[in-house]
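Topology and contacts: notes
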Amino acid sequence: GNSVTQMEGPVTLSEEAFLTINCTYTATGYPSLFWYVQYPGEGLQLLLKATKADDKGSNKGFEATYRKETTSFHLEKGSVQVSDSAVYFCALPGAGSARQLTFGSGTQLTVLP
Amino acid sequence: DAGITQSPRHKVTETGTPVTLRCHQTENHRYMYWYRQDPGHGLRLIHYSYGVKDTDKGEVSDGYSVSRSKTEDFLLTLESATSSQTSVYFCAISVRGKDDEQYFGPGTRLTVT
């Protein structure tokens, strides 16, 4: 079935540093790919998505490119802020009819002022 | 915001007692999901529903049952709670026709003592 492997955390950065969180996937076909963000005490929010190879999803300064050749969907941001501190999850739909999302284990990001 | 609410938001219960968690949506989405979130595991699917009275199991369904008598409500029941079911539970809806995007409720933190 479809699966995703996500960079282990936690990640601690200083404000304005560059962020990369790695995500690789295994999938049947070419499903949409997602990044979700979870702020402390809250549910998951869709951060960005890409629906086909070479698509770039972007939102709030975050970007991720759907790379078919390397089966990757790495999350990047050029200059992180303290408010970006959260847990980030890479996800993709399952291959069956349920179309539930399969998630990575999550990466805790802490940004220090 | 997909109009998803969960109740209760927090619950402490004793081992062996039954517990029911409620998910309510206001936008008439057909597909609804229950996930549990545990450290190091990301989110894992418990059960899902693809319509009124239509439900199926996910990867971690043992010890859980669900019911959906109305489109807007999806109930998760722990028949006899165990300490291993201490977790944060999230309900989600799938927006078909939007690349399988899912939107999540705020979560229920359940502690089984």
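Data block above holds the structure.
Quick summary incoming for the structure in this document. Predicted model, so just to flag it, every value in this text is computed and none were measured. (Residues numbered from 1 in each chain as written. Chains lettered and ligands numbered in written order. Predicted model: local features only at pLDDT ≥ 70, side-chain atom pairs only at ≥ 80, totals over all residues. Heavy atoms only, no water.)

Overview of the nonpolar core
In terms of nonpolar packing, the biggest core is built from 26 residues, with Trp35(A), Leu47(A), Leu48(A), Phe73(A), Leu75(A) and Tyr88(A) touching the most fellow members. Only β2 (11-14), β3 (19-21), β4 (23-26), β5 (33-38), β6 (44-50), β8 (62-65), β10 (86-93) and β12 (107-112) of chain A provide two or more residues apiece to this core. Here the element with the most residues in this core is β10(A); it accounts for 4 residues. Counting 20 residues, the second-largest nonpolar core is a separate cluster that includes Trp34(B), Ile46(B), Tyr64(B) and Val66(B). (Core = buried A, V, L, I, M, F, W, Y, C linked by side-chain atoms within 4.5 Å. Buried < 20%, exposed > 50% of the residue type's maximum accessible area, 1.4 Å probe, protein only. Helix = DSSP H or I, 4+ residues; strand = E, 2+ residues; numbered from the N terminus.)

Considering the state of the cysteines
All names here are of chain A. Using the criterion set out here, one finds 2 disulfides over all chains in the structure. Note that Cys23 is cross-linked by a disulfide to Cys90, the S-S spacing being 1.9 Å. One disulfide, between Cys23 and Cys90, carries an S-S torsion of -65 degrees and so falls in the left-handed class. Residue Cys23 is located in strand β4, and its partner Cys90 is located in strand β10; the two are separated by 67 residues in the primary sequence. (Disulfide = S-S within 2.5 Å.)

Points about the packing of aromatic side chains
In the structure shown here, the tally under the stated rule is 14 aromatic pairs over all chains. Here Tyr25(A) and Tyr66(A) contribute two aromatic rings whose centre-to-centre distance is 5.8 Å and whose plane-to-plane angle is 85 degrees, an arrangement assigned as edge-to-face. One end of the pair, Tyr25(A), is in strand β4; the other, Tyr66(A), is in the loop between β8 and β9 (75-77), and 41 residues separate them in sequence. Since its relative accessible area comes to 0%, Tyr66(A) is described here as buried. With centroids separated by 5.6 Å and ring planes inclined at 80 degrees, the aromatic side chains of Tyr36(A) and Phe104(B) adopt a geometry described as edge-to-face. On the criterion of chain membership, the pair formed by Tyr36(A) in strand β5 and Phe104(B) in strand β10 (residues 101-104) is interchain, its members lying in two chains. The buried category is assigned to Tyr36(A), whose relative accessible area is 0%. Judged by relative accessible area, Phe104(B) falls into the buried class, the value being 11%. Following the ring pairs from residue to residue traces out a cluster consisting of Phe34(A), Tyr36(A), Phe89(A), Phe103(A), Tyr33(B), Tyr35(B), Tyr48(B), Tyr50(B) and Phe104(B). (Phe/Tyr/Trp six-rings, centres within 6.5 Å; stacked < 30°, edge-to-face > 60°.)

Some details on the interface of chain B and chain A
The parts lose accessible area when they come together, and the size of an interface is often stated as this lost area. Taken together, the 22 residues of chain B in the interface contact 21 residues of chain A. Approximately 1600 Å² of surface area, both sides summed, lies buried where chain B meets chain A, with 54% of it carried by carbon and sulfur atoms. Applying the counting criterion to the chain B and chain A interface returns 1 salt bridge. For Lys49(A), the salt bridge goes to Glu101(B), with nearest N and O atoms at 2.4 Å. (Contact = heavy atoms within 4.5 Å. Buried area = accessible area lost by both parts, 1.4 Å probe. Salt bridge = Lys/Arg side-chain N within 4 Å of Asp/Glu carboxyl O.)

Let's talk about the sheet that holds strand β1 (residues 4-7) of chain B
All names here are of chain B. The sheet built from 4 strands is open, its strands ordered β1-β3-β8-β7 with antiparallel pairing. The open sheet terminates on both sides in strands that have one partner only, identified here as β1 and β7 (64-70). Averaged over all neighbouring strand pairs, the angle between strand axes comes to 20 degrees, with direction disregarded. Note that β7 and strand β8 (residues 73-78) share 5 bridges and pair antiparallel. Within the sheet, the bridge partner assigned to Ser65 lies in β8 and is Thr77. (Pairing = 2+ DSSP bridges. Axes fitted to C-alpha atoms, helices over the stretch in contact; angles between N-to-C directions.)

In short, the description is geometric, and any link to function would need to be established separately.
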